[in-house]
Every structure is written in structure tokens, then in C-alpha cells.
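Survey of secondary and tertiary structure
Residue-level listing of the chains:
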Amino acid sequence: MTWRAVVLTLFPEMFPGPLGHSLAGKALARGDWALETIDIRDFATDRHRSVDDTPFGGGPGMVMRPDVVDDAVSAALERAPDLPLIVFTPRGRLLTQRRVRALAEGPGAILLCGRYEGIDERVIRHRRMEEISIGDYVLSGGEPAAIVLMDACVRLLPGVMGEAASAAEESFAHGLLEYPQYTRPATWKDMTVPEVLRSGDHAAVAAWRRAQAEADTRDRRPDLWEAYRALAEAAPTA
Ligand code: SAM
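Let us look at the structure shown here. Worth saying up front: this structure is predicted, and the values here are computed from it rather than measured.

Right, let's talk about the packing of aromatic side chains for a bit. Counted according to the given criterion, the structure contains 2 aromatic pairs. Arranged with centres 6.4 Å apart and planes meeting at 50 degrees, the rings of Trp3 and Trp33 form a pair that is tilted. Taken as a pair, Trp3 in strand β1 (residues 3-9) and Trp33 in strand β2 (residues 33-39) lie far apart in primary sequence, 30 residues in all. Residue Trp3 is classed as buried on the basis of its relative accessible area of 3%. For Trp33, a relative accessible area of 2% gives the class buried. The lysine or arginine in question, Arg218, covers the ring of Trp225, its NZ or CZ lying 5.8 Å from the ring centre.

Shown next as C-alpha cells:
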């Protein structure tokens with residue numbers, strides 16, 4: 001079954017954007033995944049086609065109306081009733097490689113992109129949407145977040161990445177950052193690639209990479225390192 005993304009947005013022309021290129025673009029052209037957009041503005045009911053209004057309680061900016069967004073969601077669910085419903089918001093749970101992997105293994109997703117100050121809370125609750133953030137910073141809209149999520153999922157779909165092995169080795173696959181990578185020339189600006197990587201000794205290469213991955217995770221991401229250590233202590237053979 002083709003992995004499918006249905007994006008609800010006020011800016012459908014932003015898609016496929018970067019996803020029309022490189023691995024994701026080729027996979028899209030091959031039909032390994034499908035991307036549809038729904039323009040939320042098509043569900044506005046007044047003659048100004050307005051989709052937003054001022055926030056109750058005051059404050060700056062505008063909020064996307066629940067009735068308009070809900071009608072757009074209904075249209076998406078009519079097309080794709082089996083897809084999980086995701087809304088992008090800085091208030092959501094941080095997107096992780098684990099969640100990406102689970103989504104990539106599923107049928108796809110309906111992705112709701114906010115704009116302005118965000119979306120009226122009631123439609124998020126009413127539709128029991130999964131709220132996802134892509135990081136602790138504020139974007140001007142959910143579209144870049146949707147592109148990030150789709151990119152991360154699509155590269156994991158069968159046949160999309162050149163070497164299947166690379167997904168198993170890369171950062172976060174085992175709770176660690178990936179080891180550093182090198183290519184030719186062996187010496188560049190007085191910096192020489194570690195000897196072990198040129199030794200042809202596969203076991204030594206694997207051990208070096210493992211040690212680097214552990215050291216870099218410990219130094220750069222103490223949060224990941226703690227989680228990795230806790231898991232290793234709970235299940236020493238994992
Ligand atoms: N007023 C909101 C707040 O302070 O939490 C920010 C709204 S933001 C300007 C507009 C839209 O961009 C959001 O509704 C959401 O869809 C998207 N967005 C912004 N930052 C995001 C993030 N870190 N992750 C996912 N989506 C984000």
C-alpha cells in the first residue's frame with residue numbers, strides 16, 4: 001500500500017517544495033508515496049473567505065477558526081479515513097526518530113498546518129489530534145514542520161534509500177548519535193582520517209565507530225546518553 005500524506009494548509013503551493021527533489025522527489029515520481037494538499041481556505045463560508053478571527057481574551061494576532069478547520073478535516077477524512085490526524089504546534093510532543101519510524105510503518109498521515117497564532121483548541125480536542133512539535137522554537141507556520149515530518153518518514157519507506165543498512169546505523173537508530181563520517185582525500189588541511197578506518201579490519205572499524213558514537217552522545221547530548229544508559233542497564237544485551 002502506498003504511504004500517503006494529506007496536508008491541510010493555507011499555502012498548498014508550498015508543496016511538494018523540497019520533497020519534489022532528490023530521494024523523496026524520485027520516490028514521489030515512482031509512486032512509492034503520495035502527497036495531496038487541501039486548501040483550508042476552500043472551507044471558509046463568508047464572502048471574504050476568512051479562516052481566522054481575533055483571540056478571545058485579547059492579545060496579538062489571529063486564531064484559525066474551529067468551524068472552518070473542522071470542515072477541512074472532514075474533507076481529509078473523507079478521502080483518507082484510516083490515516084492518523086496530526087496537528088503541528090510548538091505545544092506538541094517533540095518529534096523523535098521513534099515516532100517517525102512508527103509513522104513510516106503505518107499508512108501515512110493527515111497533517112494539519114497552523115498559521116497566525118495557531119488553531120482554536122476546541123477543534124484539536126474534538127478531533128483528538130496528535131499534537132507534534134519539531135523543536136523548541138517557533139516557526140511562522142506548520143508547513144515547514146510538515147515537510148520535515150514527511151521527509152523523515154519517506155526516506156524510511158522500503159526502496160527509497162539506496163542502502164537499507166544506512167537507516168539501521170544512523171543517528172538515533174540505537175539511541176546514540178552516529179559516529180563521524182570521512183571520505184577521500186585521506187589527508188585534507190593537515191587533518192588525516194583515523195588510521196583504523198583505512199585498515200580494512202571490519203571488527204576494529206565497528207569498535208571504533210561504536211566508541212565514537214558513545215563518546216559523542218555523552219558529550220553532545222547528555223539527555224540521550226542518560227536514556228541510552230538506562231536502557232542498557234535494564235537490558236544489558238540490547
Ligand atoms: N502562538 C503559538 C505559540 O506561541 O505556541 C505559535 C504559532 S506559530 C506562529 C504558527 C503555526 O506554526 C503553529 O500553529 C504551528 O502549526 C506552526 N509551528 C510553529 N512552531 C512550530 C514547531 N516548533 N513545531 C511544529 N509546528 C510549529
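Still more to cover.
Now for the site of the ligand. Within the structure, the ligand sits among 19 residues, and Phe88, Gly114, Glu117, Tyr137 and Leu139 are positioned closest to it. Here a nitrogen atom of the ligand sits 3.0 Å away from a polar atom, N or O, in the side chain of Glu117. One nitrogen or oxygen atom from the main chain of Gly142 is found 3.4 Å from an oxygen atom belonging to the ligand. Coverage of the ligand by the protein amounts to 84% of the 580 Å² it exposes when considered alone. Of all the secondary-structure elements, those providing two or more residues to the shell around the ligand are β5 (85-94) and β7 (130-133). Of the residues in the shell around the ligand, the class split is 9 nonpolar, 8 polar and 2 charged.

Scoring rules and cut-offs
Residues numbered from 1 in each chain as written. Predicted model: local features only at pLDDT ≥ 70, side-chain atom pairs only at ≥ 80, totals over all residues. Heavy atoms only, no water. Phe/Tyr/Trp six-rings, centres within 6.5 Å; stacked < 30°, edge-to-face > 60°. Helix = DSSP H or I, 4+ residues; strand = E, 2+ residues; numbered from the N terminus. Buried < 20%, exposed > 50% of the residue type's maximum accessible area, 1.4 Å probe, protein only. Lys NZ or Arg CZ within 6 Å of the ring centre and 35° of its normal. Near = heavy atom within 4 Å. Polar contact = N/O pair within 3.5 Å; in protein donor to acceptor, adjacent residues only side chain to side chain. Areas by Shrake-Rupley, 256 points an atom, 1.4 Å probe, with all protein chains shown as cover. Nonpolar A, V, L, I, M, F, W, Y, C, P; charged D, E, K, R; others polar.

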